[in-house]
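Topology and contacts: notes
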Amino acid sequence: MEDNILEVRDLTTSFKVSGGKFKAVDGVSFKLKRGKVLGIVGESGCGKSVTAMSIMRLIEKQNGLIENGEVLFEGINLLDLKELDMNRVRGNEISMIFQEPMISLNPVIKIGNQIGEILKVHRNITGAQNKKRVIEMLKLVGIKREEEIINEYPHQLSGGMCQRVMIAMALCCTPKLLIADEPTTALDVTVQAQVLDLINDIKDKLNMSVIVITHDLGVICEVSDEVMVMYAGNVVEKAPVEEIFDNPIHPYTMGLMNSRPEDFKKGEPLKCIKGKVPKLSELSEGCKFVNRCDYAMDICKRCKPQLKTIKSGHDVSCFKYDLEEEGKL
Ligand SMILES: Nc1ncnc2c1ncn2[C@@H]1O[C@H](COP(=O)(O)OP(=O)(O)OP(=O)(O)O)[C@@H](O)[C@H]1O
Ligand SMILES: [Mg+2]
């Protein structure tokens, strides 16, 4: 039997906007095996964070709604849990690291107390034990001067240090699943590499499963076992990391691969995917990528392609591939 820590089935999350509503996440399904890293990649606005926030049940209630689907964490559907039970899961069994550490940390609470509070709430660890564990966590994430840092405030630390503190906070209850949403975007390149190494290293130490969300394919390549490509609220392709880099099938995935800045040669024009992500509120029947696709056919305008497994572990939703396989192209 497969040991999936997480299985998301047909997740659909919508937001109300003036004049109607739109699906930011539209029927997303995937599985994550225990101890593995899934990278979610795609352009801005394609639904990566909304997917993560839906798993954590942190969608704003005023205008957002998880309309459909299941989020099975160790076989239990998180969407069925009472809010109180979900609070126990959050930060304890599933933790999330957000993009902006400076915003996510409380500016008026000392670093030691911010980490300590989580241990108090979730694990009832107090007093000297609490301080000991906080210091252990700071050491684990590679923070030196840990005895001094616990008495400092976020503004006294660099961006990289704050991100390490965020990681320490996310990991202090040894979660089974870590969701890191753009964990390195706000950091400079050398610190980015250190944070990625750190996540990799700790993942192995704690046998944690990880979802890393990013639009940086370099990051994906470095840390992921599997990659899921999202476009306009849908999964368009999913495969093991080597497979997706060696053999991308969906024209959108190919476009992402071709527009990597590290592949540019000096003097050549920058490559990019033409057009932009469509407004989700204005989508029609067919494939959402149709207006940007170099291979678009008539059927792509009329029908929505389904995600199909084309070989073990490799799924793609594209009519071009389907027709080529059937020998009709
Ligand atoms: N609270 C909200 N209210 C209304 N619309 C929202 C809300 N949160 C997200 N959206 C919309 O949902 C869509 C998906 O957003 P999401 O934040 O998941 O994108 P993303 O893939 O994480 O992008 P980025 O790479 O920029 O972080 C976008 O069109 C976004 O504007
Ligand atoms: Mg996001």
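About the cut-offs
- Residues numbered from 1 in each chain as written.
- Chains lettered and ligands numbered in written order.
- Predicted model: local features only at pLDDT ≥ 70, side-chain atom pairs only at ≥ 80, totals over all residues.
- Heavy atoms only, no water.
- Buried < 20%, exposed > 50% of the residue type's maximum accessible area, 1.4 Å probe, protein only.
- Helix = DSSP H or I, 4+ residues; strand = E, 2+ residues; numbered from the N terminus.
- Pairing = 2+ DSSP bridges.
- Near = heavy atom within 4 Å.
- Polar contact = N/O pair within 3.5 Å; in protein donor to acceptor, adjacent residues only side chain to side chain.
- Areas by Shrake-Rupley, 256 points an atom, 1.4 Å probe, with all protein chains shown as cover.
- Nonpolar A, V, L, I, M, F, W, Y, C, P; charged D, E, K, R; others polar.
- 1 Å grid on protein atoms, 1.4 Å probe; cavity = no way out; pocket = protein on both sides within 12 Å on 5 of 7 lines; lining within 4 Å.
- Points joined across faces, edges and corners; volume = space filled by probe spheres on them.
- Phe/Tyr/Trp six-rings, centres within 6.5 Å; stacked < 30°, edge-to-face > 60°.
- Lys NZ or Arg CZ within 6 Å of the ring centre and 35° of its normal.
- Domains from an automatic or database assignment.
- Contact = heavy atoms within 4.5 Å.
- Buried area = accessible area lost by both parts, 1.4 Å probe.
- Salt bridge = Lys/Arg side-chain N within 4 Å of Asp/Glu carboxyl O.
- Axes fitted to C-alpha atoms, helices over the stretch in contact; angles between N-to-C directions.
- Parallel < 35°, antiparallel > 145°, perpendicular 65-115°, else oblique.
- Left-handed = near helix turned anticlockwise from the far one by under 90°.

Taken across its 6 residues, strand β9 (residues 226-231) has 5 buried, putting it largely inside the fold. Relative to β9, strand β3 (residues 37-41) is paired through 4 bridges, and the arrangement is parallel. Opposite G39, over in β9, you have V227 as the bridge partner. Where β9 folds back onto strand β10 (residues 234-240) in an antiparallel hairpin, the turn is made up of 2 residues, including A232, whose phi is positive at roughly 45 degrees.

For strand β8 (residues 209-214), the buried fraction is high: 6 of the 6 residues fall into the buried class. The sheet contact formed by β3 and β8 spans 5 bridges and is parallel. Following the sheet pairing, V37 is matched in β8 by V210. For strand β7 (residues 177-181) and β8, the ladder comprises 5 bridges, and the chain directions are parallel. Across the sheet, residue D181 finds its bridge partner in β8, namely I213.

Close to ligand 1 lie 16 residues, the nearest being S44, G45, K48, S49 and V50. Take C46: an N or O atom from its main chain is 3.2 Å from an oxygen atom of ligand 1. The separation between an oxygen atom of ligand 1 and a polar side-chain atom of S49 is 2.8 Å. Protein chains shield 69% of the accessible area of ligand 1, which is 630 Å² for the free molecule. Going through the elements one at a time, β2 (20-33) and α1 (48-55) are the ones with two or more residues in the shell around ligand 1. A breakdown of the residues in the shell around ligand 1 according to their chemical character gives 6 nonpolar, 6 polar and 4 charged.

Our focus in this paragraph is empty space enclosed by the protein. Unoccupied space between atoms shows up once a probe the size of one water molecule is rolled over them. Per the counting criterion, the structure on display carries 1 cavity of 30 Å³ or more. Quantified by volume, the largest cavity comes out at close to 110 Å³. Forming the boundary of the largest cavity are 14 residues, of which P251, C287, C293, C300 and C318 lie nearest the centre. Here the residues of the lining of the largest cavity sort into 11 nonpolar, 2 polar and 1 charged.

A few words now on the packing of aromatic side chains. Applying the stated criterion across every chain, the model contains 4 aromatic pairs. A centroid spacing of 6.0 Å and a plane angle of 40 degrees characterise the contact between F15 and F22, whose relative ring orientation is tilted. F22 shares its class with F15; the two are buried. Ring pairing ties together the aromatic residues Y231, Y252 and F289, which thus form one cluster. Over the ring of Y295 we find K320; its NZ or CZ atom is 4.5 Å from the centre of that ring.

Domain assignment breaks the chain into domain 1 (4-93 + 179-262) and domain 2 (101-172). Tallying the contact residues gives 15 residues for domain 1 and 10 residues for domain 2. Between domain 1 and domain 2 the total buried area reaches about 1,100 Å² when both faces are included, carbon and sulfur atoms providing 66% of it. Run the count over domain 1 and domain 2 and you get 0 salt bridges. For the pair domain 1 and domain 2, the number of links is 2 residue pairs in polar contact (both at pLDDT 80 or more). Listing elements by their share of the side of domain 1 that touches domain 2, those giving two or more residues are α2 (83-89) and α8 (189-206). Tallying contributions element by element places α8 first for the side of domain 1 that touches domain 2, with 7 residues. Broken down by class, the residue content of the side of domain 1 that touches domain 2 amounts to 8 nonpolar, 4 polar and 3 charged.

Take the pattern of salt bridges next. The full count for this structure, using the stated rule, is 25 salt bridges. Put simply, E83 and R90 hold a salt bridge, and the shortest N to O gap is 3.2 Å.

Once that is clear, we can look at the side chain of K288. With respect to the helices and strands, K288 occurs in the loop between α11 (251-258) and α12 (298-302). Looking at K288, the relative accessible area reads 14%, which means it is buried. At a separation of 3.1 Å, a polar atom in the side chain of K288 contacts the side chain of D26.

Moving on, we get to the packing of helix α4 (residues 111-123) against helix α7 (residues 159-171). It is the contact of α4 with α7, at a shortest axis distance of 9 Å, that shows an interaxial angle of 20 degrees. Looking at the two axes, α4 sits roughly parallel to α7. Judged by the sense of rotation from one axis to the other, the crossing of α4 with α7 is right-handed. For the pair α4 and α7, contact is made by I111, Q114, I115 and I118 and by V165, A168 and M169, respectively. Of the residues in the contact of α4 with α7, the class split is 6 nonpolar, 1 polar and no charged.

A word on the sheet that holds β10. An order of β6-β7-β8-β3-β9-β10-β12-β11 is seen for the 8 strands of this open sheet, with the pairing classed as mixed. Looking at the sheet topology across the chains shown, the edges are occupied by β6 (94-97) and β11 (308-311). For this sheet, the mean inter-axis angle between neighbouring strands, taken without regard to orientation, is 20 degrees. Packed onto the sheet, α7 meets β6 and β7 and runs at close to 170 degrees relative to β6.

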